[in-house]
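Working through the structure, step by step
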Amino acid sequence: MHPVVTTEAPTARQHPDSYAVTAEFYDILQADQDEKRVRHLYGRQVAKARLGVLDIGAGTGRVTLMSLVESQVDVHAVEPARAMRTSLLTRLAVLPARQRERVTVHPHALDQASLYAVVDVAVCHNTVACLPPAARDVLWPAVRAALVPGGSLFLQLPPAVLPTRDIVRLLPEKRVGEHVYGGRMTMSTAGYRIRTRVDYWVRSEQGVLREHTETFWMWPASRARISADLERHGFVPLPGHDDPRVLAVTRPDRS
Ligand SMILES: C[S@@+](CC[C@H](N)C(=O)[O-])C[C@H]1O[C@@H](n2cnc3c(N)ncnc32)[C@H](O)[C@@H]1O
């Protein structure tokens, strides 16, 4: 019998050991798909950056790496979870020096990273959903502070509503030598939050070798709600961006 590890997420600030289980499986199960998705969603905006790119909740580095390729500017990767940062740094370690020298990893939540007027493009992919309203409220001023006037934020919206029944998503299995890695995500409503339980396994021809579980919490919020919050913090909609998956706002020149 192999241990089952469950990490209960705190409600306000994320524990630094979050993603301790998930980090091992994150890239092998999701990186290929995510790489294409982030290039598609943010690549053109990142390529226009003239000062710097901020990756908020960099995880294992999907947006960070894409930004290093698509832009010529400095990249700030903000990632508080040690396990995710470990994968991120391992990735950065194999980059050519000229790319690695352009990226700085900040091992904090954004509101503790002390970044002021360092970027003109900020990306927040697959992160806002993991933040309770109180954490979002401290995130927005920190994004605003990191952006220069005229800079823009592109963020992937959280689920708009609570699921009415359990949503189960199987992550495509991947072979690594003699072993096959797999995962399954189950999202269910728990009060006003979404409980996302992720089950991982590694199997060989003889059967399952080990299994792990990590549980995350998500907070749904509509596009209108997030837009209104951002407006309160001095952002305005960026014209010409109507992709329903991404909210694009800018920090006006004079504010
Ligand atoms: C679901 S992961 C997504 C990682 C990456 N953006 C991706 O799509 O692969 C969310 C990440 O946001 C980080 N995070 C949580 N709160 C944060 C905050 N306040 N500031 C910056 N990062 C945060 C977590 O540690 C986690 O790695």
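Residues numbered from 1 in each chain as written. Predicted model: local features only at pLDDT ≥ 70, side-chain atom pairs only at ≥ 80, totals over all residues. Heavy atoms only, no water.

1. Concerning the sheet that holds strand β8 (residues 193-204)
Pairing in this open sheet of 4 strands is antiparallel, and the strands run β6-β7-β8-β9 from one edge to the other. The sheet is open, and its two edges are formed by β6 (167-176) and β9 (207-218), each paired on a single side. Neighbour-to-neighbour, the strand axes of the sheet open up by a mean angle of 15 degrees, direction not taken into account. Pairing between β6 and strand β7 (residues 179-190): 8 bridges, direction antiparallel. Opposite Arg175, over in β7, you have Val180 as the bridge partner. (Pairing = 2+ DSSP bridges. Helix = DSSP H or I, 4+ residues; strand = E, 2+ residues; numbered from the N terminus. Axes fitted to C-alpha atoms, helices over the stretch in contact; angles between N-to-C directions.)

2. Here's the deal with the pattern of salt bridges
This structure, assessed with the given rule, holds 13 salt bridges. The residue Arg225 makes a salt bridge to Asp229 at a minimum N-O spacing of 3.4 Å. Here Asp229 and Arg225 lie together in helix α6 (residues 223-232), a separation of 4 residues that amounts to about one turn. With a relative accessible area of 41%, Arg225 lands in the partly exposed category. Residue class for Asp229 comes out buried when judged on its relative accessible area of 5%. (Salt bridge = Lys/Arg side-chain N within 4 Å of Asp/Glu carboxyl O. Buried < 20%, exposed > 50% of the residue type's maximum accessible area, 1.4 Å probe, protein only.)

3. Regarding helix α3 (residues 82-93)
For α3, with 12 residues, the first-to-last C-alpha span of 16 Å sits near the 16 Å given by 1.5 Å per residue. Listing the buried residues of α3 in full gives Ala83, Met84, Arg85, Leu88, Arg91 and Leu92. Taken together, the buried residues of α3 touch α1 (22-47), α2 (62-70), β2 (74-78), α4 (97-100) and β3 (103-106). (Expected span 1.5 Å × (residues − 1). Contact = heavy atoms within 4.5 Å.)

4. Overview of the packing of aromatic side chains
Counted by the stated rule, this structure contains 3 aromatic pairs. Each ring, one from Phe25 and one from Tyr181, has its centre 6.0 Å from the other, and the planes form 55 degrees; the classification is tilted. Pair noted here: Phe25 is in helix α1 and Tyr181 is in strand β7, with a separation of 156 residues, a long-range link. Like Tyr181, Phe25 is buried. Note on Phe25 and Tyr200: the rings are 4.5 Å apart at their centroids and 10 degrees apart in plane angle, and the pair reads as stacked. (Phe/Tyr/Trp six-rings, centres within 6.5 Å; stacked < 30°, edge-to-face > 60°.)

5. Overview of the pairing of β9
Bridge count between β8 and β9: 11 bridges; the pairing is antiparallel. Residue Thr196 lies in a different strand from β9, and its bridge partner there is Phe216. The turn joining β8 and β9, which pair antiparallel and follow one another in sequence, is formed by 2 residues.

6. Observations regarding the packing of α1 against α3
It is at 8 Å that the axes of α1 and α3 come closest, and there the two elements cross at 60 degrees. Classified by the interaxial angle, the pair formed by α1 and α3 is oblique. Contacts between α1 and α3 involve Ala23, Tyr26, Asp27 and Ala31 from the first element and Ala83, Met84, Ser87 and Arg91 from the second. When the residues that make up the contact of α1 with α3 are grouped by side-chain class, the tally is 5 nonpolar, 1 polar and 2 charged. (Parallel < 35°, antiparallel > 145°, perpendicular 65-115°, else oblique. Nonpolar A, V, L, I, M, F, W, Y, C, P; charged D, E, K, R; others polar.)

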